[in-house]
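# Results of the structural survey
Each chain, letter by letter, is given below.
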Amino acid sequence: MRMTRLVAKTQRQAPVDAEAISHRLLVRAGYIRRLSSGVYAYLPLGLRVLRKVEAIIRQEFDNAGAQEVLLPALQPVEIWEETNRSATMDDVLMRLEVRGGKFVLGPTHEEAVIAAVSPDLASYRDLPATVYQIQTKFRDEARPRFGLLRTREFVMADAYSFDESKEAMRESYRNIFDAYCRIFDRIGVEYYPVEADSGSIGGDVNHEFMVPAAIGEDHFASCSNCGYRANIEAAVRSSNFSGGGQGEVGRSYEVETGQAKSIDEVVDLLKSKGIEVRASETIKTMALKSKDSKLTLALVPGDRVLKVPHGYAPLSGEEFAQYPFLTLGSIGPISMGDRGVRVIADNSIVSNLGYVVGGNAEGIHILDAVLGRDFSVDDFDNLVVVTQGDSCPRCEAPMDLRRSVEAGHTFQLGLTYPQKIRSARFSGEDGSETMYFMGCYGIGVSRFPAVVAEVSNDDAGLIWPISIAPFAVHLVAINFSGNEEVKAAAEQIYGELSKLGIEVILDDRDVGAGVKLKDADLMGMPIHVVVGPKTIANGLIEIKLRSAGSSRSVPLNLAIDSISETVVELIGNSALSA
RNA sequence: CGGGGAGUGGCGCAGCGGCAGCGCACCUGGUUUGGGACCAGGGGGUCGGGGGUUCAAAUCCCCCCUCCCCGACCA
């Protein structure tokens, strides 16, 4: 490709609304252009990156035995009503009402894939089967942001496995999981599969593929000692608590806490009364409702954030008002059992410590409340959001919290969808109608260019790994139009590299050397070859790695060999880092 | 959905009642060519939309739309 023909222009300034580094660089370097909030056009450079990512995914899925299909983005709303996701995913569904009926633009394809392939999976003889597609998805995101990282229209590669049994499903899951690892390895980005929460898609075992990045909206807990890794929403800490061991705790007593409602306010107020209490010695009591709408109180140490357990949800304002004995700011566990209210507590709440708890009366808190003596708990669990330094649940070592971007997610769905969809059945060996076990797997294709750009750049611009770079070689010809020697050498290198199948972009523009060098840095091809009047007079050209910055001079007659070797080396390195 | 902010050429911005401007980008000619050059000339705008006030509105008032940030939400 010649830059005089390339549909792209670099920009000195990024749009003011571009916040993420990847967003700024991809726009400035001419890879993408925003058409609307969360809606982007891929320009030639951007599409080349996207296509490379797709190619890697296709190869690895094909090698794993998955078969490519293409499901419709436009889906009849009826299939969404059958699983009730028309309601449960209402907030992200893009709906469409046209002459032909009511449709949604698919945010994901579980219903559609079942409708599409079920007839072909009619017998146990047809199983196992895994299909995948690379499709545009639509989600009415509450807040699109960070360029390509969170958009309303995006490309995803989603796979679906169908198996006879749970055991077989686990095998299929492992198979795709391994393919995911190879995909991430080949793209060449640091990643961690972490245990995750399954969210509204349902199902049992699942993993998120996290790429550490400062811009990430997710966090995962990571134990460097034993390798335990889990999304912040799923992570737990060790339940091994020795307790405070305060020894004798006196009788519990009431204290007037006036307007103090939050834990911090209560601690401050007590301090002003001469009572020194740490937030960790208070108990935060949160009102939840269970799946069957029963009131449940959850107790966590005052300095911790409640992780709402599965099957529970916070009370709405109206629901809260239905229980007159709940006084906002002073809720506590004492005598809740007598009211028939279920109480659950974090494992770290122990019986040999006097706690500060809400007094269940306006402006009242109880001090020295002791578990087992002053209040009881029906059940213990891990109920707090893990923070930096918490002990690993497996080996007790302190865990790190890492900010990251979710680039993939794999699920063992099991029977979640077949239970809701009549056609999701096959004839078993004994002839009986049986539901198949499903797995589903999503990988953010259009997120990759952004994620890689996010973690691989410097002040001058993008730095692509050769695996997904639009071009392997950026051929910078200084004074191309004014120096015959430069022009001839550049054309020769360009022609020979092209013949060898090495993707090269030639800067044949009639602009200053500075502009060309700056643009080359900004655009981020892994190998830069500079042909300039100074060096070509001595029969030399320069080769430099974008990632390293340093360059070496090579005689023109050895240029092609040297460049080819460098390409091979880079490809080898990216395979090695696997 | 709540709070805050912004809409003027492709991008970045100024102008804030009286001729719609600047830098980058773009076009023509010339000089340049190793780290975002220079000279001369040129093209491009329903000033987000609608309504109002005024002799006169990008500028003041009202309504709407869009976008951004923080939060809520996020297979």
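How each quantity is defined
- Residues numbered from 1 in each chain as written.
- Chains lettered and ligands numbered in written order.
- Predicted model: local features only at pLDDT ≥ 70, side-chain atom pairs only at ≥ 80, totals over all residues.
- Heavy atoms only, no water.
- Axes fitted to C-alpha atoms, helices over the stretch in contact; angles between N-to-C directions.
- Helix = DSSP H or I, 4+ residues; strand = E, 2+ residues; numbered from the N terminus.
- Parallel < 35°, antiparallel > 145°, perpendicular 65-115°, else oblique.
- Contact = heavy atoms within 4.5 Å.
- Nonpolar A, V, L, I, M, F, W, Y, C, P; charged D, E, K, R; others polar.
- Pairing = 2+ DSSP bridges.
- Domains from an automatic or database assignment.
- Buried < 20%, exposed > 50% of the residue type's maximum accessible area, 1.4 Å probe, protein only.
- Disulfide = S-S within 2.5 Å.
- Salt bridge = Lys/Arg side-chain N within 4 Å of Asp/Glu carboxyl O.
- Phe/Tyr/Trp six-rings, centres within 6.5 Å; stacked < 30°, edge-to-face > 60°.
- Lys NZ or Arg CZ within 6 Å of the ring centre and 35° of its normal.

Our next topic: the packing of helix α1 (residues 21-28) against helix α9 (residues 447-455). Where α1 meets α9, the axes come as close as 8 Å, and the angle between the chain directions of the two elements is 105°. In terms of their interaxial angle, α1 and α9 are classed as roughly perpendicular. Of α9, the residues touching α1 (which contributes Ile21, Ser22 and Leu26) are Pro449, Ala450, Ala453 and Glu454. Considered class by class, the residues forming the contact of α1 with α9 number five nonpolar, one polar and one charged.

Across the sheet, which stays open at both edges, the five strands sit in the order β16-β14-β15-β17-β20 with mixed pairing between neighbours. With one partner strand each, in any of the chains shown, β16 (313-314) and β20 (379-381) form the two edges of the open sheet. Pairing of strand β14 (residues 283-289) with β16 involves two bridges; the strand directions are antiparallel. For leucine 288, the partnering residue across the bridge sits in β16 and is proline 314.

Right, let's get into the domain arrangement of chain A. Often, the extent of an interface is quoted as the loss of accessible area on bringing the components together. The domain boundaries assigned to chain A delineate domain 1 (21-236 + 401-452), domain 2 (253-381) and domain 3 (462-576). When each unit is reduced to the centre of its C-alpha atoms, the spacing between domain 2 and domain 3 is 66 Å.

On to the pairing of strand β8 (residues 153-163), then. Taking burial as the measure, the eleven residues of β8 include ten buried ones, the bulk of the element. Pairing between strand β7 (residues 129-138) and β8: ten bridges, direction antiparallel. Along β8, the bridge assignment pairs tyrosine 132 with alanine 159.

Tallied over the entire structure, the rule returns zero disulfides. Residue cysteine 226 stays outside any disulfide, its sulfur separated by 3.5 Å from that of cysteine 392, the closest cysteine. On the accessibility criterion, cysteine 226 (36% relative accessible area) is partly exposed. Taking the relative accessible area as the measure of exposure, cysteine 392 reaches 0% and is therefore buried.

Throughout the structure, instances matching the rule amount to 29 salt bridges. Between glutamate 68 and arginine 58 there is a salt bridge, and its shortest N-O distance comes to 2.8 Å. In this pair, glutamate 68 sits in strand β3 (residues 67-68) while arginine 58 sits in helix α2 (residues 44-63), placing the two residues ten residues apart along the sequence. Taking the relative accessible area as the measure of exposure, glutamate 68 reaches 37% and is therefore partly exposed. We note a salt bridge from glutamate 111 to arginine 85, for which the minimum N-O separation is 2.8 Å. Taken together, the residues glutamate 111 in helix α5 (residues 110-117) and arginine 85 in helix α4 (residues 85-88) connect sequence positions 26 residues apart. Using a relative accessible area of 2% as the deciding quantity, one classes glutamate 111 as buried. Overlapping salt bridges, with partners in common, bring together Arg51, Glu54, Arg58 and Glu68 in one network.

Bringing the packing of aromatic side chains into the picture now. The final tally for this structure, using the stated rule, is 15 aromatic pairs. Ring geometry for tyrosine 31 versus tryptophan 464: centroids 5.6 Å apart, planes at 45°, classification tilted. Taken together, the residues span a long stretch of sequence, with tyrosine 31 in the loop between α1 and β1 (32-36) and tryptophan 464 in the loop between β26 (461-462) and β27 (473-477) at a distance of 433 residues. The burial state of tyrosine 31 is the same as that of tryptophan 464; both residues are buried. Pairwise contacts between aromatic rings join Phe61, Tyr132, Tyr173, Phe177, Tyr180, Phe184, Tyr191, Phe209, Tyr441 and Phe448 into one cluster. Here the basic side chain of arginine 48 rests over the ring of phenylalanine 471, its NZ or CZ set 4.0 Å away from the ring centre. Taking NZ or CZ as reference, lysine 420 lies 5.8 Å from the ring centre of tyrosine 417, over its face.

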